[in-house]
Amino acid sequence: MQIIAKDVSYRYDQIGSEESNWILHQVNVTIPSHSFVSVIGHTGSGKSTLAKLIKGLIRPAAGSIGIGEQKKSNCDDKADVNNEVGLVFQYPEHQLFEMTVLDDIAFGPKQLGWSMETISEKAEQVARALGLKRESLQQSPFHLSGGEKRKAALAGVMVMDPEVLILDEPAAGLDPVSRRSLMELIESWRKTAQKTVILITHHMEDALAYSDEIIVMDKGKVLYQLPPDQLFLEHEDELIKMGLDIPDQVKLLNKLNRRLAVPIKVESLKEEHILEKIAEYYKKNEVTYGS
Ligand SMILES: Nc1ncnc2c1ncn2[C@@H]1O[C@H](COP(=O)(O)OP(=O)(O)OP(=O)(O)O)[C@@H](O)[C@H]1O
Ligand SMILES: [Mg+2]
């Protein structure tokens, strides 16, 4: 499902007209159907605010947000929560509160009037897809590990089968193995079910590994929307200046290049491609390493 934000501005404090009140300034982004798009940016740059606008929890103060073919939220409309957009907040496990994991997953569908039979069936499917044990569904969410709690919270959103899934720092605080497993599950769900994923992250390796495009936000503005290789190879200095991290392979390549008379040029940031280019370079040149 495609999302188009057109000249979207927003401020939480509607009183006063000072420029400093604006949290988002004329944001324009297009997120194509079935794509994986990451949103990166310094803390406070407006990433979560953009997510809330797309979900319809808040409405733009100016501009419009179009979701899919018809649905369009203008600044004049009332805020209207869009059920086709699933939003998983940062640390979603803090919102687990029911007696069992199944009850927690069932909370959203119950509000929509689904039968308990359908809810149980869908909950089991989602739990299986996320690698949650069947018996976990009957347990208290507080008996689960951190990674399992995160999956249970995610299941509560995925059970509604949203067309667009927005994940606000889904892997924050998880160990590297759980992080990778969660990201792989999300990506495989997107591919198989043909969904659109928007990932808000401070983790550049995830943004690089999974995204078709990366949106860079800075002080409420969209600075870039580019494929990851192009962003990190062509705009590395700007990202560093903004206080953002860059992927390890870019750092390493640059370190190496600083020691070489003629720098190694790469077209992609895939590890194999970089290694190939380095090997090629060393074969071709009489390289003096070190300064
Ligand atoms: N409910 C609110 N009321 C008033 N101001 C808010 C509210 N929520 C966020 N803000 C302000 O809006 C700005 C953007 O916040 P937002 O949460 O969108 O940033 P973010 O990019 O998601 O940051 P982070 O990386 O820390 O999660 C910040 O200056 C923040 O203080
Ligand atoms: Mg945020």
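Residues numbered from 1 in each chain as written. Chains lettered and ligands numbered in written order. Predicted model: local features only at pLDDT ≥ 70, side-chain atom pairs only at ≥ 80, totals over all residues. Heavy atoms only, no water.

Student: Sorry, what's going on with the nonpolar core here?
Tutor: Nonpolar side chains in soluble globular proteins tend to be buried together. Counting residues in each nonpolar core, the largest one holds 29 residues, and the members touching the most others are Ile-105, Leu-154, Met-158, Leu-165 and Leu-167. Looking at this core, the elements with two or more residues in it are helix H2 (101-111), helix H3 (116-129), helix H4 (146-158), strand E7 (164-168), helix H5 (176-193) and strand E8 (196-200). At five residues, the largest contribution of residues to this core is made by H4. In this structure, this core is formed jointly by two domains, domain 1 (1-84 + 163-242) and domain 2 (96-161), each of which donates at least three residues. Excluding anything up to four places from it in sequence, Leu-167 contacts Val-88, Leu-154, Ile-186, Val-197, Ile-198, Leu-199 and Ile-200. Core analysis: the second largest hydrophobic core is formed by 26 residues, Val-27, Leu-87, Ile-166 and Ile-215 among them. (Core = buried A, V, L, I, M, F, W, Y, C linked by side-chain atoms within 4.5 Å. Buried < 20%, exposed > 50% of the residue type's maximum accessible area, 1.4 Å probe, protein only. Helix = DSSP H or I, 4+ residues; strand = E, 2+ residues; numbered from the N terminus. Domains from an automatic or database assignment. Contact = heavy atoms within 4.5 Å.)

Student: Is there a simple way to think about the site of ligand 1 in this case?
Tutor: Around ligand 1, the structure places Tyr-12, Ile-23, His-42, Thr-43, Gly-44, Ser-45, Gly-46, Lys-47, Ser-48, Thr-49 and His-202. Within the backbone of Ser-45, one N or O atom sits 3.2 Å away from an oxygen atom of ligand 1. His-202 places a side-chain nitrogen or oxygen 3.0 Å from an oxygen atom of ligand 1. Here ligand 1 loses 58% of its free accessible area of 640 Å² to cover by the protein chains. When the residues that make up the shell around ligand 1 are grouped by side-chain class, the tally is two nonpolar, eight polar and one charged. (Near = heavy atom within 4 Å. Polar contact = N/O pair within 3.5 Å; in protein donor to acceptor, adjacent residues only side chain to side chain. Areas by Shrake-Rupley, 256 points an atom, 1.4 Å probe, with all protein chains shown as cover. Nonpolar A, V, L, I, M, F, W, Y, C, P; charged D, E, K, R; others polar.)

Student: Is there a simple way to explain the pattern of salt bridges in this structure?
Tutor: If the charged atoms of two oppositely charged side chains come close together, the side chains can form a pair. Enumeration according to the criterion identifies 13 salt bridges in this entry. Here Glu-148 and Lys-133 are joined by a salt bridge, their closest N and O atoms 3.7 Å apart. Here Glu-148, found in helix H4, pairs with Lys-133, found in the loop between H3 and H4; they are 15 residues apart in sequence, far enough to count as distant. Residue Glu-187 pairs with Arg-190 through a salt bridge whose shortest N-O separation is 2.7 Å. With Glu-187 and Arg-190 both in helix H5 and three residues apart, this pair spans about one turn of that helix. Since its relative accessible area comes to 9%, Glu-187 is described here as buried. Given a relative accessible area of 9%, Arg-190 falls into the buried group. Members of the salt-bridge network, linked through shared partners, are Asp-161, Glu-163 and Lys-195. (Salt bridge = Lys/Arg side-chain N within 4 Å of Asp/Glu carboxyl O.)

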